[in-house]
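# Descriptive structure summary
One letter stands for each residue in the lines below.
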Amino acid sequence: MSRLTSAVLALSVAVAALAGFGIGSARAHADAALVPMPRAVDGKPDLTGLWQALSTAEWNIQDHPASAGVPAGQGVVDGGEIPYQEWALKQKQENEKNSRIPDPVTAVTADPVSKCYMPGLPRATYMPYPFEIAQADKAVVMAYEFARTSRVIPTDGTKHDEGVENWMGDSRGHWEGDTLVVDVTGFNADTWFDEAGNFHSEALHLVERFTPTSRDHLRYDVTVEDPKVFTRPWKMSMPLYRRLEPHAQLLEYHCLEFLEPRLYSHLSKPAAKGK
Amino acid sequence: MKWRMSVVAVVAVSATLCFQMSRSSVTLLAAQSNAAATLATGVVPTSPDPGYKLPRTAWGHPDLQGMWENSEEIGIPIEKPRGEVRKLVTQDDAFDEADKRGGPTGAGPRWWYETKPFNGRTYQLIDPPDGRLPPLTPWATEKQAEARKNRGGPADSYLSMGVATRCLTRGIPGSMVPGYFMYNAGYRFIQTPTQVIIQYEMIHDVRIIPLDGRPHPGPNIRTWFGDARGHWEGNTLVVETTNLNDSTPLLGSGLSGPGTNEQTRVIERFTRITDGLIRFEATIDNPKVFTKPWTIAIPLKRDDSYQIFEYACHEGNKGVVTVLSGAREEEKTEKAARSGRPGSTR
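Residues numbered from 1 in each chain as written. Chains lettered and ligands numbered in written order. Predicted model: local features only at pLDDT ≥ 70, side-chain atom pairs only at ≥ 80, totals over all residues.

### Focus: the overall build of chain B
The condition that has to hold: Secondary structure elements follow DSSP: runs of H or I no shorter than four residues count as helices, runs of E no shorter than two count as strands, and numbering proceeds from the N terminus. Using C-beta atoms placed from the backbone, we call a residue buried if 20 or more other C-beta atoms fall within 10 Å of its own, exposed if 12 or fewer do, and partly exposed for counts in between. For the purpose of contact definition, each residue receives a C-beta atom placed from its backbone, and two residues are in contact when these atoms lie within 7 Å.
Counting secondary structure elements, chain B contains five helices and eleven strands. Looking at chain B as a whole, 38% of its 346 residues qualify as buried. Contacts spanning at least 24 positions in sequence make up 65% of the contacts within chain B whose residues lie at least 6 apart.

Shown next, in the form of structure tokens:
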């Protein structure tokens, strides 16, 4: 077999495999489409329920091999690369290094989430904990299991608060067809996108899009804009899954409760330590 | 009981006199009358004024949505104070009272705090009617004595500090009881046909309370905020919370002693009395600790101008570390001083 022939053969196998995948995937979508997202009284898709990402974005939003305690994963960044400015790429690498160095006393790292701080956005969405959506006519509420974080997203046309920095930003929502679009500004510079040190400044501006693709699936697309850190806006995208277990409900991961002994025991008198 | 009746009568007369006024003015006046009643008697009205037209959602539930606050309850104790009852009227009265009781650890200067005229109420308990908490069970009495013995100094350990000081929670129903927390007494209510959502400014807490009668999770799932289930009884929203952990104080730091446990049930009742007032009642059924259930009632006032900001409590909490490290440093200095001067009486 000539080199060319084998190359052509390999290509056609690949094309067939891709086509097969395509058909399978189209069928899966067709099945799912049989059960569309229910509608709220106002006709909008009703996103009420318990949702969770199944990506490895919490550990690293980009492609990464496995490491101790970290599952390997394919990135959620469109095109794979994050367009960091030169200084910012260095900062990101520094962050990543420091996120692997636990403090000798408290074991916290440079990652703000290791201190049980509110994870910010979009990280709260794809941490490996569920979050609950409640949808009212003038607001959408998102309550996250991790660290009892939450946000109330007005959908009543009100504008952003100016000049206030927040860990979870200031969210304002509106509907574009069946997509809930959430515009978020008003961040502080203290949260990261993942454990790998991907970061932003207080100039972060997110546009999140929650699009139902079936009753039990949302597509979550985020446009990330931060002229102080990136050379251009970039996007990440992933599915969110409805938790379907009977009686599935939001519980509580009160991170601080488990961190306190590490944070404060060395400053406490031994006799009073422990519960 | 007699004066409560007469308050209703006065309100009715005022409403009649204002019959010619626009509906909104009447409503406003009614709200003010009730607020005045609260101020004058310390009693949170139990039912709407005659003729009050309760606003309803599109699906027919009483409409509680919007911003509410109860900063006028700051500094008001749960129990009827023994001896002379002092009415808290000005902000300084409340500060004085808080100072007298030691104040919350890490409390800031007075200008930190939100100022509102106080409503003049003197305590929150409505049952038992004598205004005092029911006696503790023998188990709780023993636990409390044990806790007092082992408590040590206020800066010995993070565990000697309140869970709210540590930014964990103010608990249920404590998150809606200002106690000696001098700010952030604002709450947003949001409703859907199947849920009531309450957002608390303090420690950025949110509860999504289902109304569909689903069962509580199993008894081994225990949390700081518990597991809430709501339903409407007439025009009153009733929320039952169970599955509370063993660590949550019942009312922030307003009540010392053993708190929640696996047997604790908290029943909250929200009744809209006027456009400007919700009566909030909480019954604590905690048979392991108290020999009888007890109930508090407090007002929530409408305040559309109130804005909830993100209260990043733990993220900004320098208090616990500085109090502890300061105390350890002080001990070291004292120890050095003692060893440096043998025979010193210190």
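Next, the rest of the story.
### A closer look at the pairing of strand β9 (residues 265-274) of chain B
Two faces, one strand: in a regular strand the side chains alternate between the faces of the sheet. Residue and element names in this part refer to chain B. To keep things clear, this is the line we draw: Only strands joined by at least two bridges in the DSSP assignment are considered to pair.
A large share of β9 lies buried, amounting to seven of its ten residues. Here strand β7 (residues 236-242) runs beside β9; their pairing, made up of six bridges, is antiparallel. Bridged to valine 239 within β9 is glutamate 268. Pairing analysis gives nine bridges linking β9 to strand β10 (residues 277-285), with the strands arranged antiparallel. By the bridge assignment for β10, arginine 265 is matched with aspartate 285. Taken together, β9 and the strand that follows it, β10, pair antiparallel across an intervening segment of two residues.

### Digging into the interface of chain A and chain B
Cut-off, in case you're wondering: Gly falls in the polar group here, along with every residue not listed as nonpolar (Ala, Val, Leu, Ile, Met, Phe, Trp, Tyr, Cys, Pro) or charged (Asp, Glu, Lys, Arg).
Opposite the 34 residues of chain A that make contact, chain B presents 38 residues. Breaking the side of chain A that touches chain B down by element, the ones donating at least two residues are β2 (131-135), β3 (139-144), β4 (150-154) and α4 (255-264) of chain A. A total of four residues in the side of chain A that touches chain B trace back to one element, the largest contributor, which is α4(A). Here the side of chain A that touches chain B is built from residues that sort into 19 nonpolar, seven polar and eight charged.

### A short note on unusual backbone geometry
In this structure, the amide linkage connecting Leu121(A) to the following residue, Pro122(A), adopts the cis form with an omega of 0 degrees. One non-glycine residue, Cys116(A), adopts positive backbone phi at about 65 degrees. Here Cys116(A) is to be found in the loop between α2 (86-98) and α3 (123-126). Unusually for a residue other than glycine, Cys167(B) sits at a positive phi of about 65 degrees. Relative to the elements of secondary structure, Cys167(B) occurs in the loop between α4 (138-150) and β3 (186-192).

### What about the nonpolar core?
Heads up, the rule is: A set of buried Ala, Val, Leu, Ile, Met, Phe, Trp, Tyr and Cys residues, joined through C-beta atoms within 7 Å, is what we mean by a nonpolar core.
Judged by nonpolar contacts, the single largest core of 96 residues is most densely connected at Val141(A), Met142(A), Ile197(B) and Ile278(B). In terms of residues, this core owes the most to one element, β3(A), which gives six residues. Beyond its immediate stretch of four places on either side in the chain, Ile278(B) contacts Leu64(B), Trp68(B), Phe270(B), Thr271(B), Arg272(B), Ile273(B) and Leu300(B). Of all hydrophobic cores here, the second largest spans nine residues; its members include Leu263(A), Tyr264(A), Leu267(A) and Ala155(B).

### Side note on the sheet that holds strand β8 (residues 217-225) of chain A
All names here are of chain A. The criterion, for reference: All axes are obtained by fitting lines to C-alpha atoms, using only the stretch in contact for helices, and the reported angles, taken between N-to-C directions, cover 0 to 180 degrees.
Taken in spatial order, the nine strands make up an open sheet running β4-β3-β2-β1-β9-β8-β7-β6-β5, and their pairing is antiparallel. The sheet terminates laterally at β4 and β5 (170-176), the two strands that pair on one side only. For this sheet, the mean inter-axis angle between neighbouring strands, taken without regard to orientation, is 25 degrees. In terms of strand pairing, strand β1 (residues 49-53) meets β2 through three bridges, oriented antiparallel. Among the inter-strand pairings, glycine 49 is bridged to a residue of β2, identified as isoleucine 133.

### Observations regarding α4(B)
Test applied: Expected span of a helix, by definition, is 1.5 Å for each gap between consecutive residues, and there is one gap fewer than residues.
Taking 1.5 Å of rise per residue, the 13 residues of α4(B) would be expected to cover 18 Å, and the 18 Å separating its terminal C-alpha atoms lies within 8% of that figure. In the stretch just after α4(B), Gly152(B) is the one whose phi turns positive, near 70 degrees.

### Some remarks on the confidence of the model for chain A
The test is simple: Along the chain, pLDDT gives the predictor's confidence residue by residue, from 0 to 100.
Taken residue by residue, chain A gives an average pLDDT of 89. The fraction at 70 or more is 86%. This stretch, residues 1-28 of chain A, has a pLDDT under 50; its non-local contacts, to residues over four places away or in other chains, come to one contact.

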